[in-house]
Each structure stands twice: as structure tokens, then as C-alpha cells.
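Chain by chain, the residues:
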Amino acid sequence: GQSLEQPSEVTAVEGAIVQINCTYQTSGFYGLSWYQQHDGGAPTFLSYNALDGLEETGRFSSFLSRSDSYGYLLLQELQMKDSASYFCAVTPPTGQLTFGSGTQLTVLP
Amino acid sequence: EPEVTQTPSHQVTQMGQEVILRCVPISNHLYFYWYRQILGQKVEFLVSFYNNEISEKSEIFDDQFSVERPDGSNFTLKIRSTKLEDSAMYFCASSRDRGNTGELFFGEGSRLTVL
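Residues numbered from 1 in each chain as written. Chains lettered and ligands numbered in written order. Predicted model: local features only at pLDDT ≥ 70, side-chain atom pairs only at ≥ 80, totals over all residues. Heavy atoms only, no water.

Q: Pulling in residues and values, what's your account of the state of the cysteines?
A: Under the counting rule described, the total for this entry stands at two disulfides over all chains. Here A:Cys22 is linked by a disulfide to A:Cys88, with a sulfur-sulfur distance of 2.1 Å. Around the S-S axis, the bridge from A:Cys22 to A:Cys88 shows a dihedral of about 75° and counts as right-handed. Residue A:Cys22 is located in strand S3 (residues 18–26), and its partner A:Cys88 is located in strand S9 (residues 84–91); the two are separated by 66 residues in the primary sequence. By relative accessible area, A:Cys88 is classed as buried at 0%. Paired through a disulfide, B:Cys23 and B:Cys92 show a sulfur-sulfur distance of 1.9 Å. Handedness of the B:Cys23-B:Cys92 disulfide follows from its S-S torsion of about -65°: it is left-handed. With B:Cys23 in strand S3 (residues 19–24) and B:Cys92 in strand S9 (residues 88–95), this pair connects stretches of sequence that are 69 residues apart. (Disulfide = S-S within 2.5 Å. Helix = DSSP H or I, 4+ residues; strand = E, 2+ residues; numbered from the N terminus. Buried < 20%, exposed > 50% of the residue type's maximum accessible area, 1.4 Å probe, protein only.)

Right, here's the structure in full:
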């Protein structure tokens, strides 16, 4: 099976940088994804790491270390609209995502 | 931009009633999924569907649940006899490949309230 751990809440101010960590245990693994969810709406794909290292997509970056079963999402130049829940998710060889419990990010002015 | 659409957006039903939630995946996608999210909790996998059959299902997806692709565009989730604990947001998702890019496209969800 799969299990993922991420902090339940993170708070930061506008313009700051925040890192959301995710550790996972899985019996099979393609990669680690990150999703954003606003107010219980549709989860929206942010990034995916299949290989170790950093992937950058605009203000968002994601990192993976397979040997440590660890990844993080880095959000730079925080904006108020970034206030949302962020989920890490593992992709096993069977394809379906298994999500972590989510991190509620609050961005303060 | 193509998107996954779901209907209804909200359904209220009595315990024991049957419910069908409908989804239209993105047209060139081949893999389809149902997830659910109980209020304030994580998104949980229910079932995946490919080539007109179930590929994987979770422990949640018991005999009360079924999925169907009745035509070339719709993908449905049926709950035969709803229970109070079935109250949740149900998300449909689709992908072009088998998830090895980590990207699923989710619909806006159908909120099911069982009274």
C-alpha cells in the first residue's frame, strides 16, 4: 500500500517563500505529483517528479529524493490567490494516484 | 481548453436510494477514475477504468458501487443503496496515459448529501 505524510497547515505572508514537505511509503512508485485545491473544488495538477531533483514551473518548484522517499513543493513570491490546499500524491505502476491528507496554506497580507 | 464535466453538481438523496453520478471525460483520454472527498479530508481513490473494464478499485468500492461507460462519451458511477457515510464530494478524472506523467484532469465534482 501507500501512505503519505504532509503538514496539515502552513501560514506565510504575501511575497514570501514557503516549502511544503511530503514523505511517502509505497510498494511501487512512478513519481510524485502535487495538486492544488481551492475551497473543495477540482484538484488541479501543479507538477510531477519522476526523477530525483528539482522541477521548476514558474513560481512553483517541486523536488524529489527517491532514496529518502521525500519531496517538497516550493512556492515563491506568494500571492493571496495561493491560499489553498496542496496535496502530494504518489503514482504507482497501476496508474491511479494516492493522495496525502493535504496541507492548508494560508497567505496573509 | 478541454475539461472534464460532471453532473449533477449537487444531489440530495434519502438513505437507501440509488444515485447515478455522471461524467464526461476529455475526449481523447483513455483512462478514467472516480475519487471521493469527505468534507475536510483527503481525496480518496475509488476506481479506475480502462478499455471498458475496471483496472483497479479500492476497499471503498464495494458491491454497492458500480461504474459504466454506456456510450463513447459518458462515464457513470452508481451507488445502489446509499448510506449516510456516502455523503461526500465525488470527483471524476481522466488521463490520456496510465498516470506515468502524474497528471489527472479532474472535474468540478458532484456533491452527494445522503439524509
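Q: Residue-level account of the interface of chain A and chain B, with values.
A: Every contact between the two is made by 20 residues of chain A and, on the other side, 19 residues of chain B. Summed over both sides, the interface of chain A with chain B buries roughly 1700 Å², with 58% coming from carbon and sulfur. Across the chain A-chain B interface, the total number found is five residue pairs in polar contact (both at pLDDT 80 or more). Broken down by secondary-structure element, the contributors of at least two residues to the side of chain A that touches chain B are strand S4 (31–37), strand S5 (44–49) and S9 of chain A. For the side of chain A that touches chain B, the element with the highest residue contribution is S4(A), accounting for three residues. (Contact = heavy atoms within 4.5 Å. Buried area = accessible area lost by both parts, 1.4 Å probe. Polar contact = N/O pair within 3.5 Å; in protein donor to acceptor, adjacent residues only side chain to side chain.)

Q: Tell me about the packing of aromatic side chains, and name the residues and values.
A: A complete count under the given rule lists 18 aromatic pairs over all chains for this structure. Centroid distance B:Tyr35 to B:Phe106: 5.5 Å. Interplanar angle 55°. Geometry classified as tilted. Placement of the pair is B:Tyr35 in strand S4 (residues 31–37) and B:Phe106 in strand S10 (residues 105–106), with a sequence separation of 71 residues. By relative accessible area, B:Tyr35 is classed as buried at 0%. A connected cluster of aromatic rings, assembled from ring pairs, spans A:Tyr35, A:Phe45, A:Phe87, A:Phe99, B:Tyr33, B:Tyr35, B:Phe45, B:Phe91 and B:Phe106. (Phe/Tyr/Trp six-rings, centres within 6.5 Å; stacked < 30°, edge-to-face > 60°.)

Q: With reference to specific residues and values, describe the sheet that holds strand S1 (residues 2–5) of chain A.
A: All names here are of chain A. Taking strand neighbours across the sheet as the criterion, the five strands line up as S1-S3-S8-S7-S6 in an open arrangement whose pairing is antiparallel. Two strands close off the open sheet at either side, each with one partner strand: S1 and strand S6 (53–57). Across the sheet, the mean angle separating the axes of adjacent strands is 20° when strand polarity is ignored. With six bridges connecting them, strand S7 (residues 60–65) and strand S8 (residues 70–75) associate as antiparallel partners. Across the sheet, residue Ser62 finds its bridge partner in S8, namely Leu73. (Pairing = 2+ DSSP bridges. Axes fitted to C-alpha atoms, helices over the stretch in contact; angles between N-to-C directions.)

Q: For the pairing of S3(A), give the residues involved together with the corresponding values.
A: Judged from the four bridges that link them, S1(A) and S3(A) form a sheet pairing that is antiparallel. Along S3(A), the bridge assignment pairs A:Ser3 with A:Gln25.

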